[in-house]
Amino acid sequence: MKTGITKIVILFVFLLSLLISIPLTGASYSFEGIPLTPDAQGTFRGEVYIDGGHGLTFPPYSQNFNVPDGTVRWARLYVGVWGGTENYEGWLRPEFNGQKLEQLPLAGVNDESKNVYCAGHGVYWVSYDVSNVTKNGENIVNILTSKGEPGNKLDGRVYGAVLAVGCENEKAPEVSYQLLSGNVNLHGKGWSGTLANSSDRVSVNFNCGQALTSKDAANLSVVYLTGSKGLPDYLEFNGKTLGTSPRNLSEKYGEKVRDIADETSNDASGNEGSPSRYFDIESFDVFDYLQDNNSATFVRGIDLNGDGDIDDKEGEDYLHPVLAALVLSSKDKASVLPDLYPEMNISEEELVDGMPAKISFTINNPGEIYDQNCTISFKVDGSEVSTFPVHMEASGVYSSSFSWSAIKGKHLLELSLNPENSIQESDKKNNVCALNVSVRSKPELSVSLGDPVKIEAQKEVASSSIVFLSFLSILGFRRKKPYLLLLLAVLIILALSGCIEESHVAEKTAYSIPVKIINNGEASARNFDVNISLDGKSATVLNIPEIAGQKTIVNDIRVETVGGEHTLRAKVDEHNHIVESDEDNNEFEASCNFA
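Note that the structure is predicted; figures quoted are calculated from it, not measured.

A.B. asks: Would you take a moment to explain the sheet that holds strand S23 (residues 341-345) for this structure?
C.D. replies: Within a beta sheet, neighbouring strands are joined by backbone hydrogen bonds and run either parallel or antiparallel to one another. Spatially, S23-S24-S27 is the arrangement adopted by the 3 strands of the open sheet, whose pairing is antiparallel. Of all strands in the sheet, those with a lone pairing partner are S23 and strand S27 (397-405), marking the two edges. Direction aside, the axes of adjacent strands within the sheet are offset by 25° on average. By the bridge criterion, 9 bridges tie strand S24 (residues 356-364) to S27 in an arrangement that is antiparallel. Within S27, the residue paired with Pro356 across the bridge is Ser405.

A.B. asks: Sorry, what's going on with the nonpolar core here?
C.D. replies: Nonpolar side chains tend to gather and get buried jointly when the protein is soluble and globular. Grouped together as the largest cluster of nonpolar side chains are 32 residues, with contacts concentrated most on Leu77, Phe96, Val130 and Leu163. Within the residue set of this core, elements represented by two or more residues are strand S3 (61-67), strand S4 (71-82), strand S5 (90-96), strand S7 (104-106), strand S8 (116-119), strand S9 (123-129), strand S10 (137-145) and strand S11 (157-168). Residues contacting Leu77, with those up to four places away along its chain left out, are Phe65, Pro94, Phe96, Leu101, Val126, Ser127, Tyr128, Val130, Val141, Ala161, Val162 and Leu163.

A.B. asks: Before we go on, may I ask you to explain the sheet that holds strand S26 (residues 383-391) in this structure?
C.D. replies: Spatially, 4 strands are ordered S26-S25-S28-S29 in an open sheet, and the strand pairing comes out antiparallel. Of all the strands in the sheet, the pair left with one neighbour each is S26 and strand S29 (432-439). Taking the axes of each pair of neighbouring strands and ignoring which way they run, one obtains an average angle of 20° across the sheet. In terms of strand pairing, strand S28 (residues 409-417) meets S29 through 8 bridges, oriented antiparallel. When the bridges of S29 are listed, Glu414 appears paired with Ala434.

A.B. asks: Help me understand the packing of aromatic side chains, please; the structure alone is not making it clear to me.
C.D. replies: Aromatic ring pairs are defined here through the distance separating the ring centres and the angle between the ring planes. Evaluated as defined, the whole model comprises 11 aromatic pairs. Ring geometry for Tyr78 versus Trp125: centroids 5.4 Å apart, planes at 5°, classification stacked. Within this pair, whereas Tyr78 is found in strand S4, its partner Trp125 is found in strand S9, the two being separated by 47 residues in sequence. Per residue, the accessibility class of Tyr78 equals that of Trp125, and both read buried. Every member of this aromatic cluster is reached through a ring pair, and the members are Phe361, Phe378, Phe388, Tyr398, Phe402 and Trp404.

A.B. asks: Would you mind going over the pattern of salt bridges with me for this structure?
C.D. replies: Side-chain pairs of opposite charge can arise where the charged atoms are in close proximity. A full pass over the atoms with the stated rule returns 12 salt bridges. With a closest N to O distance of 2.7 Å, Arg73 and Glu168 form a salt bridge. Note that Arg73 is positioned in strand S4 and Glu168 in strand S11, a separation of 95 residues in sequence. Note that Glu349 and Arg526 form a salt bridge whose closest N and O atoms lie 3.8 Å from each other. Of the two residues, Glu349 is situated in the loop between S23 and S24 and Arg526 in strand S33 (residues 525-534); the sequence distance between them amounts to 177 residues. We classify Arg526 as partly exposed; its relative accessible area is 32%. One continuous salt-bridge network, built from bridges that share partners, spans Arg73, Glu168 and Asp371.

Conventions and cut-offs
- Numbers given to residues run from 1 along each chain, matching the order in which its sequence is written.
- In keeping with the model being predicted, local features are shown solely for residues with a pLDDT of at least 70 and side-chain atom pairs are shown and tallied solely at 80 or more, while totals for entire chains, interfaces and linings include all residues.
- Just so you know, side-chain values use all the structure's heavy atoms and leave hydrogens and water out.
- Any two strands between which DSSP finds at least two bridges are classified as paired.
- Each helix is a run of DSSP H or I of at least 4 residues and each strand a run of E of at least 2, with the numbering of both proceeding from the N terminus.
- Helix axes are fitted to C-alpha atoms over the stretch in contact, other axes to C-alpha atoms as well, and angles between N-to-C directions run from 0 to 180 degrees.
- Among the buried residues, those of types Ala, Val, Leu, Ile, Met, Phe, Trp, Tyr and Cys that are joined through side-chain atoms within 4.5 Å form a nonpolar core.
- Working definition: with a 1.4 Å probe on protein chains only, accessible area under 20% of the residue-type maximum means buried, over 50% means exposed, and in between means partly exposed.
- The contact criterion used throughout is that any non-hydrogen atoms of two residues lie within 4.5 Å.
- Ring pairs are drawn from Phe, Tyr and Trp, using the six-membered ring of Trp, whenever the two centres fall within 6.5 Å, and their geometry is named by plane angle: stacked under 30 degrees, edge-to-face over 60, tilted for the rest.
- A pair is scored as a salt bridge if a Lys or Arg side-chain nitrogen falls within 4 Å of a carboxyl oxygen belonging to Asp or Glu.

On their own, these measurements won't tell you what the molecule is for.
The following block contains the structure:
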């Protein structure tokens, strides 16, 4: 009856609160996208090969590549996949030169795979290291996705496959290069026009060429996903607009308009190109625009009519730059040395007293290829904490992480590469990177409840269904129905007169109770619950997304009960998801008079 319904409602609210309070795991998904960062870099005699893709197609998707002569020092295979939405899940499995590569989950908003970048409404860019299976001459990839699998919702069509290879050849010119990969979502207000913001441009910087004494050629390669023919977009290199004006747009907008991502690959410089639906790979000669520091800017559209907005005819709705590579070449035969330098990064959230802090680091080498062991030294405030070896990649990029048990206070963290000077380098002044960090004390949560304040009174009377049943019973008597109706009528009359306990007239009052939550620590506490009970029974569960250090928040809850003395109890972080400096002050209990 009423008590049973109340229990069901409370249980439902409790279970819903638990679902909401499940902490989110770290993932590679971001609607705005993942920045383009180095995947390969260096300087050697040879050639950097980048090619592939023929547009959005149902799997199985096949692509051939023709790798030039030389020793393959590194190779990356990239695959673009359309998910349908960011909420659908599935998988990707390529086969490269007859060898099955790892089947990777495509989990959208729940993605955790290191080399899977999901952005926007389910646009995937996935990378594989295929250095050991790439060969000179013809290479072939066959790609399967979960499309067609029973229960699969992932769209699973493949945008395209791209192969990038570093081929060393002593007979070739010297090349210095940097290849960047990621998945940036440039977008307007969205297909439905409801997005709160737009993302119109993104720039990337290149760090290559310093090892060359002269430069004779420069080539910029880019790859896009989701571009549409007839919607303008632009590519700039050091502020200069690249490409040619397409005839179908120049007649309307003039010669300054561009459509780089036009679903035709290798046509942006005026060549005929080849059709490639929702996929574009382009290459540009940028030698005349070179500077000491070089950058490229992807632009989804420009306000051509001067009304202050980039409308749906002046720019792409969605455009995903996923790869950019600058390759410089020189005929100079001067020898080049490696140039290794470290970079270090740590999230502020990790810097909590007594907690293991994850420190991510990358070793870069834009100089001559070095693929042997080197030593890393980690210091805190000038004192060496640890040293460890790493095996440098021939690709010129090595990324990893290690843990440090953080100690409260301000510290200088230093990461040194090649401290014993065993590696001959062109520049040893950049072998140390440093970070000034501040480690905060743990969160310190406490909770209290204020006095209940009456909101309204409601009188619970017999329901209309009972009255209706009473009417039917009386009607049954008049029609000489069976004696069961007579018994039903008696029970209903007893209920209306207050003789049945669960159906008696009861007066309950709604009360508002303030819940005060304090964090006396310095670090934020995220995603925890506050459980509130009334007379030993759960009343509600509050989920707190975050409370910053040294902050107080107050939330009001609503309970309904009869007047009189009741026991209120509140417990913050009952399941100890938050590591605190004091776990013994998380509970509050008081006897309150509900007037």
